[in-house]
Amino acid sequence: MNRLPSRPLYDAAAYVAGKPLHAKDCRYCGGYSDPTGGCVKAEELARLLGVSRKTITRWTRDGIPLQSADQLATRLGYNPIAVWGLWWDDPEYLTLVDN
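Residues numbered from 1 in each chain as written. Predicted model: local features only at pLDDT ≥ 70, side-chain atom pairs only at ≥ 80, totals over all residues. Heavy atoms only, no water.

The subject of this paragraph is the packing of helix 2 (residues 42–49) against helix 3 (residues 53–62). One way to put it is that helix 2 packs onto helix 3 with a least axis distance of 8 Å and a crossing angle of 110 degrees. When the axes of helix 2 and helix 3 are compared, the pair comes out roughly perpendicular. Considering only the axes of helix 2 and helix 3, their crossing is right-handed. From helix 2, Ala42, Glu43, Leu45, Ala46 and Leu49 reach across to helix 3, where they touch Arg53, Ile56 and Trp59. Classifying every residue of the contact of helix 2 with helix 3 gives 6 nonpolar, no polar and 2 charged. (Axes fitted to C-alpha atoms, helices over the stretch in contact; angles between N-to-C directions. Helix = DSSP H or I, 4+ residues; strand = E, 2+ residues; numbered from the N terminus. Parallel < 35°, antiparallel > 145°, perpendicular 65-115°, else oblique. Left-handed = near helix turned anticlockwise from the far one by under 90°. Contact = heavy atoms within 4.5 Å. Nonpolar A, V, L, I, M, F, W, Y, C, P; charged D, E, K, R; others polar.)

Here's what the structure looks like:
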């Protein structure tokens, strides 16, 4: 099954939430001191998308199923190609990066 990376979805959610893409104390960028500030965390992404925190954890680890990607991007107000670019637009490229 083809899967898309989760990081672009976090970035799209950051724009929707009016937050920076990365914060100094972001777990993706290093440090853990302020779990409520900075960029979008998994809990907030789950809330914005209407899914569980466990689902976000799985998608972060394994990638987002291609069948879910369109609906998720739409929930944030984006076209999937605006979120994933080449991964969405070029099936041959997708097979190269698929696990």
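Back to the write-up after that little detour.
This next bit is on the environment of Leu76. Looking at the element boundaries, Leu76 is found in the loop between helix 4 (66–75) and helix 5 (80–84). Among the residues examined, Leu76 registers a relative accessible area of 8% and is labelled buried. Taking C-alpha positions, Leu76 is 6.6 Å from Ala13, a pair spaced 63 residues apart along the chain. Excluding residues that lie within four positions of it along the chain, Leu76 makes contacts with Leu9, Ala12, Ala13, Val16, Leu48 and Leu49. (Buried < 20%, exposed > 50% of the residue type's maximum accessible area, 1.4 Å probe, protein only.)

In terms of nonpolar packing, the biggest core is built from 20 residues, with Leu9, Leu45, Leu49, Ile56, Ile64 and Trp84 touching the most fellow members. Secondary-structure elements contributing two or more residues to this core are helix 1 (7–17), helix 2, helix 3, helix 4 and helix 5. Sort the elements by how many residues they give to this core and helix 1 lands first, with 5 residues. Other than its neighbours up to four places away in sequence, Ile64 contacts Asn2, Arg3, Leu4, Pro5, Ser6, Leu9, Trp59, Ala69, Leu72 and Trp84. (Core = buried A, V, L, I, M, F, W, Y, C linked by side-chain atoms within 4.5 Å.)

Turning next to the pattern of salt bridges. Scanning the entire structure with this criterion turns up 4 salt bridges. Between Glu43 and Arg53 there is a salt bridge whose closest N-O contact spans 2.9 Å. Highlighted residues: Glu43 in helix 2 and Arg53 in helix 3, separated in sequence by 10 residues. Given the relative accessible area of 48%, Glu43 is considered partly exposed. Two residues, Glu44 and Arg47, come together in a salt bridge whose shortest N-O distance is 3.6 Å. Here Glu44 pairs with Arg47, and both are found in helix 2, just 3 residues apart, close to one helical turn. Taking the relative accessible area as the measure of exposure, Glu44 reaches 15% and is therefore buried. When its relative accessible area of 57% is taken as the criterion, Arg47 is described as exposed. (Salt bridge = Lys/Arg side-chain N within 4 Å of Asp/Glu carboxyl O.)

Of all the residues in helix 2, the buried ones are Ala42, Glu44, Leu45, Ala46 and Leu49. Against helix 1, helix 3 and helix 4 lie the buried residues of helix 2.

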